Amino acid sequence: MAKLKIKSGDTVKVIAGDHKGQEGKVKTVFIEKNKAIVEGVNMISKHEKPSAANPQGGIVKKEAPIHISNLSLLTKDGQTTRVGLKMDGDKKVRFSKKSNEVI
């Protein structure tokens, strides 16, 4: 199982594909598929049957997964950065390769 450098809760920017330039917060990460769901990015229309939760049914807009390689982490000042891993004492931490600060 590969170690992904983007976690849920991170703010990311799409750097490639149809939604290039859009930003959002990561809701979910699918480690086995190398994909993530980002709020407000890669919206699709899904037809849903009527159910107890949604008695009307109809067309629902929702986010579709986007590949991790098309995402770049945003720093606190809004710049994109690559992510590295290093040991901080006996703990492994993520750090920004642009500013060298711990995320």
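Counting from 1, residues in each chain are numbered in the order their sequence is written. At least 70 in pLDDT is required for a residue's local features to be given in this predicted model, at least 80 for side-chain atom pairs to be given and counted, and no such filter applies to totals for whole chains, interfaces and linings, which use all residues. Excluding hydrogens and water, the side-chain figures rest on all heavy atoms present in the structure.

**Student:** Looking at this structure, I do not really get the pairing of strand β3 (residues 35–38). What am I missing?
**Tutor:** Regular strands place their side chains on alternate faces of the sheet. Taken together, the 4 bridges between strand β2 (residues 23–30) and β3 define a ladder with antiparallel strand orientation. When the bridges of β3 are listed, V29 appears paired with A36. Strands were regarded as paired on the criterion that DSSP finds at least two bridges between them. For helices the rule is a DSSP run of H or I covering at least 4 residues; for strands it is a run of E covering at least 2, with both sets numbered from the N terminus onward. Alignment of β3 against strand β6 (residues 66–67), held across 2 bridges, turns out to be antiparallel. Among the inter-strand pairings, K35 is bridged to a residue of β6, identified as H67.

**Student:** How should the pattern of salt bridges be read in this particular structure?
**Tutor:** If charged atoms from side chains of opposite charge come close, those side chains can pair. The term salt bridge refers to a side-chain nitrogen of Lys or Arg lying within 4 Å of a carboxyl oxygen of Asp or Glu. Summed over the entire model, instances satisfying the criterion amount to 3 salt bridges. The partner of K27 in a salt bridge is E63, with the nearest N and O atoms 3.1 Å apart. On the criterion of sequence distance, the pair formed by K27 in strand β2 and E63 in strand β5 (residues 58–63) is long-range, its members being 36 residues apart.

**Student:** Explain unusual backbone geometry here, please?
**Tutor:** In most cases, non-glycine residues show a negative phi, while peptide bonds are predominantly trans. Positive phi, close to 60°, is recorded for N42, a residue that is not glycine. Considering the arrangement of structural elements, one finds N42 in the loop between β3 and β4 (43–48).

**Student:** Whenever I open this one, the UniProt feature "domain: KOW" (unreviewed entry) in the protein chain confuses me. Can you help?
**Tutor:** UniProt positions are given in the numbering used here, feature names are shortened, and annotations may be inferred rather than shown by experiment. UniProt's feature table lists "domain: KOW" (unreviewed entry) at residues 5–32, given in the numbering used throughout. Taken as a whole, residues 5–32 contains 0% helix and 43% strand, while its terminal C-alpha atoms sit 14 Å from one another.

**Student:** Could you clarify how one ought to interpret the environment of E101 in this entry?
**Tutor:** Note on placement: E101 falls in the segment after β10 (91–96). For the pair formed by E101 and I31, sequence separation is 70 residues and the distance between their alpha carbons is 25 Å. Leave out the neighbours within four places in its chain, and E101 touches K76, R94, F95 and S96. In this description, contact between two residues means that some pair of their heavy atoms is separated by no more than 4.5 Å.

**Student:** I would appreciate a short explanation of the sheet that holds strand β8 (residues 80–81) in the present structure.
**Tutor:** Strand pairing in a sheet takes place through backbone hydrogen bonds and is either antiparallel or parallel in direction. Pairing is antiparallel across the open sheet formed by 6 strands, whose spatial order is β6-β3-β2-β1-β7-β8. Looking at the sheet topology across the chains shown, the edges are occupied by β6 and β8.

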